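Remarks on the overall topology
As a plain string of letters, each chain reads:
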Amino acid sequence: MRWEVPLCRPEFRQDELEALVDSYRSGWLTVGPRTAELEDVFSQYVGARHAIPVSSCSAAMHLACLGVGLGPGDEVIVPSLTFTSTVSAVTHAGATPRFADIAGVTEPWLSTAAVEEQIGERTRAIITMAYGGHLGETPQIAELARERDLILIEDVAHAAGSRRDGRHAGTFGLAGAFSFSASKNLGIGEGGMLVTDDAELADRAARQMWHGLGSQAWTRHHQASPQYQLGMLGFNYRFDDPRSALLLSCLKRLDEDNERRAAIDRSYRAAFSQLDLIEPTDSPSCEDPASYCLFTAVLDRSLDRDEFRKSLAERGVQTSVHYPLLHKSGFYADPNVRLANSEDYASRCVTLPLFPQMESWQEELVAEAVRESLSRPVHAAA
Ligand SMILES: *Cc1c(COP(=O)(O)O)cnc(C)c1O
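Residue indices begin from 1 for each chain and proceed along its sequence in written order. This being a predicted model, a pLDDT of at least 70 is required before a residue's local features are given, and a value of 80 or more before pairs of side-chain atoms are given or counted; all residues contribute to the totals for chains, interfaces and linings. The basis for the side-chain values is all heavy atoms of the structure; hydrogens and waters are excluded.

**Remarks on the overall build of the protein**
Check the secondary structure of the protein and you find 13 helices and 14 strands. Once the C-alpha set of the protein is aligned to its principal axes, its extents read approximately 75 × 55 × 35 Å. Buried means the residue's accessible area, taken with a 1.4 Å probe over protein chains only, is under 20% of the maximum for its type, while exposed means over 50%, and partly exposed covers the values in between. Expressed as a percentage of the 382 residues in the protein, the buried residues total 57%. When contacts within the protein are restricted to residue pairs at least 6 apart in sequence, long-range pairs at least 24 apart make up 71% of them. Numbered from the N terminus, helices here are DSSP runs of H or I no shorter than four residues, and strands are runs of E no shorter than two. The contact criterion used throughout is that any non-hydrogen atoms of two residues lie within 4.5 Å.

Written as C-alpha cells, this is what we have:
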C-alpha cells in the first residue's frame with residue numbers, strides 16, 4: 001500500500017547525514033571514539049552514571065537480565081501488553097516470566113497492585129515498559145521494588161526524552177534499555193542503549209556485549225602488540241561509530257522533536273474530544289516532557305476494529321495495534337493467565353500515525369478519516 005499518512009517516517013537533516021558520512025570517511029567503522037562520545041552524551045542526557053551502546057534494545061534487555069544474575073528458578077513480573085523483547089530477555093536468561101495486568105483500559109502500563117499480587121517466593125525482579133513513552137506507574141513500582149527487595153529493569157524502548165519530576169525514564173530502577181530502531185522516536189535504523197548507575201552491571205555488560213573479551217578494538221588498535229583474553233562468555237551486541245555519529249547529531253533535536261510530537265498528540269485529542277466511539281489513552285502530564293512515541297486510542301465495544309482499520313487504510317491512513325498480548329498466542333500462550341484489562345485493551349486499541357515531520361494536511365486527513373470511519377456502519381455483530 002502507498003500511505004498518504006504512514007505510521008511514522010524517519011527523516012534526517014543534511015548536517016546529520018554529513019556526520020554519518022564523515023564517520024565512514026574516517027576509516028574507523030566499529031566501536032571507537034564516536035561511540036565513546038555517545039556514551040558520555042547519552043549518560044549525561046538521561047542522568048545515569050553509565051550508558052552502554054549496543055546493537056538493539058533487545059540486546060540491552062538481555063544484557064541487563066544476565067548482568068543482574070537472573071537465571072533458572074527466578075521469576076520476573078512482566079507485562080503481557082508489550083513487544084516480545086521485554087519478556088524474551090527473561091526467557092533467554094533462563095528465568096520465568098509472570099504476566100501482570102495493566103492499570104486500566106486507558107492506562108496501558110503495569111498496575112502496581114497487579115504487580116504486587118504476583119510477587120511470590122521466587123520473584124526476583126520486575127520489568128516495566130514505558131508504553132508509548134508514558135512512565136505510567138513506574139515511580140510507584142520502583143518504590144514497591146525497593147520495599148520488597150526486588151530488582152527493577154525498565155524497557156524504555158519508546159521513552160527517549162520522557163521524564164517524571166525531572167527524572168529520566170530508565171533511571172528509576174537498576175537498569176534501563178532504550179531502542180534506536182526505525183519506528184521509535186529516536187529511530188536511526190537499529191541500535192540500543194543500556195543505562196545504569198551500577199558499576200558492576202555496567203562493566204559486565206560492556207564486556208559481555210563484546211564476546212566477553214577483556215579489551216576493546218580501539219584500545220588494541222593503539223598497541224604495538226595487541227592481545228586479548230576471553231574473560232567470560234559473551235555475544236556480538238556491538239554498536240558502531242557511524243551510527244553513534246548520527247545519533248549524536250539527532251540527540252540535539254530530540255527534545256524539539258518530542259515537543260512537536262506532543263503538539264500532534266494534543267491536536268488529535270482536541271479532534272476526538274467530541275467523538276463518543278473513540279477514547280485516547282491517557283496522556284503524560286503536561287508538566288513532564290515525554291517522547292509521545294505512539295498515539296493510541298480505544299474503540300467503543302460496538303465497533304469492529306478490523307473494519308475500522310480497513311476504512312482508515314482506504315483513506316490512506318496507516319494504523320497498527322500495540323500489542324497482541326504475549327500470553328494469548330504463540331510461544332507464551334497460557335490459558336491459565338487472565339488479565340482482564342490487558343485483554344480488553346488489546347482487543348480494542350488502535351495506533352494512529354505520529355511523527356514530528358507530519359504536515360498539518362496529514363493531521364487533518366487522519367482526524368477526518370477517523371470521524372468518517374466511526375460514522376460508517378462498522379458495528380460488530382452483538
Ligand atoms: C521495539 C521495542 C523493543 C525492541 O527494540 P529493538 O531495538 O528493536 O530490539 C523492545 N521493547 C519495546 C516495548 C519495543 O517497542
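Structure shown, so let's carry the discussion forward.
**Some details on the sheet that holds strand E14 (residues 349–352)**
Whether two strands pair depends on DSSP finding at least two bridges between them. Spatially, three strands are ordered E12-E13-E14 in an open sheet, and the strand pairing comes out antiparallel. The two strands at the open ends of the sheet, each matched to only one other strand, are strand E12 (278–280) and E14. When the angles between neighbouring strand axes are averaged without regard to direction, this sheet yields 35°. Pairing of strand E13 (residues 295–299) with E14, which is carried by four bridges, proceeds in the antiparallel orientation. Within E14, the position partnered with Thr-296 by the bridge is Thr-351. Angles shown run from 0 to 180 degrees and are taken between the N-to-C directions of axes, each axis being a line fitted to C-alpha atoms and, for helices, limited to the stretch in contact. Its contacts with the sheet put helix H11 (residues 305–314) on E12, E13 and E14, and the angle it makes with E14 is roughly 15°.

**Overview of the environment of Gln-140**
In this fold, Gln-140 is placed in helix H6 (residues 138–147). A relative accessible area of 39% places Gln-140 in the partly exposed class.

**Quick look at the site of the ligand**
Being near a molecule or strand, for a residue, comes down to having at least one heavy atom within 4 Å of it. Taken together, the neighbourhood of the ligand is formed by 15 residues, with Ser-58, Asp-155, His-158, Ser-179 and Lys-184 sitting nearest. Nitrogen and oxygen atoms within 3.5 Å of one another constitute a polar contact, given that in protein one can donate a hydrogen and the other can accept it, and given that sequence-neighbouring residues count only through two side-chain atoms. Separating an oxygen atom of the ligand from a side-chain N or O atom of Ser-58 is a distance of 2.5 Å. Note that an oxygen atom of the ligand is positioned 2.7 Å from one of the side-chain N or O atoms of Ser-179. The accessible surface values rely on the Shrake-Rupley method and a 1.4 Å probe; as for residues, cover is taken only from the protein chains in view. Relative to its unbound accessible area of 380 Å², the ligand is 91% covered by the protein chains.

**Examining the pattern of salt bridges**
Definition used for salt bridges: Asp or Glu carboxyl oxygen within 4 Å of a side-chain nitrogen of Lys or Arg. Counting across every chain of the model gives 22 salt bridges. A salt bridge links Glu-75 to Arg-98; its shortest N-O distance comes to 3.8 Å. Here Glu-75, found in strand E2 (residues 75–79), pairs with Arg-98, found in strand E3 (residues 96–100); they are 23 residues apart in sequence, far enough to count as distant. Accessibility expressed as a relative area gives 16% for Glu-75, which makes it buried. Among the residues examined, Arg-98 registers a relative accessible area of 34% and is labelled partly exposed. As a salt-bridge pair, Arg-315 and Glu-372 come within 2.6 Å of each other at their nearest N and O atoms. With Arg-315 in the loop between H11 and helix H12 (340–348) and Glu-372 in helix H13 (residues 360–375), the pair connects residues that are 57 residues apart, well separated along the chain. One continuous salt-bridge network, built from bridges that share partners, spans Arg-13, Asp-15, Glu-16, Arg-253 and Asp-257.

**Concerning unusual backbone geometry**
Note the cis peptide between His-322 and Tyr-323, where omega equals 5°. By secondary structure assignment, the location of Tyr-323 is in the loop between H11 and H12. Of note in this structure, Asp-165 is not a glycine but carries a positive phi near 50°. Tracing the backbone through its elements, the reader meets Asp-165 in the loop between strand E8 (163–164) and strand E9 (167–168). On the basis of relative accessibility, which here comes to 70%, the residue Asp-165 falls in the exposed class.

**Overview of the sheet that holds E3**
Pairing is mixed in the open sheet, where seven strands are placed in the order E1-E11-E10-E7-E6-E2-E3. Where the open sheet ends on each side, the last strands, each with one partner, are strand E1 (50–54) and E3. Across the sheet, the mean angle from the axis of one strand to that of its neighbour is 20°, orientation sign disregarded. Where E2 lies against E3, five bridges are found, and the strand directions are parallel. Looking across to E3, one finds that Val-76 is bridged to Pro-97. Packing of helix H7 (residues 199–208) onto the sheet brings it into contact with E1, strand E10 (175–179) and strand E11 (192–196), and relative to E1 it is tilted by some 20°.

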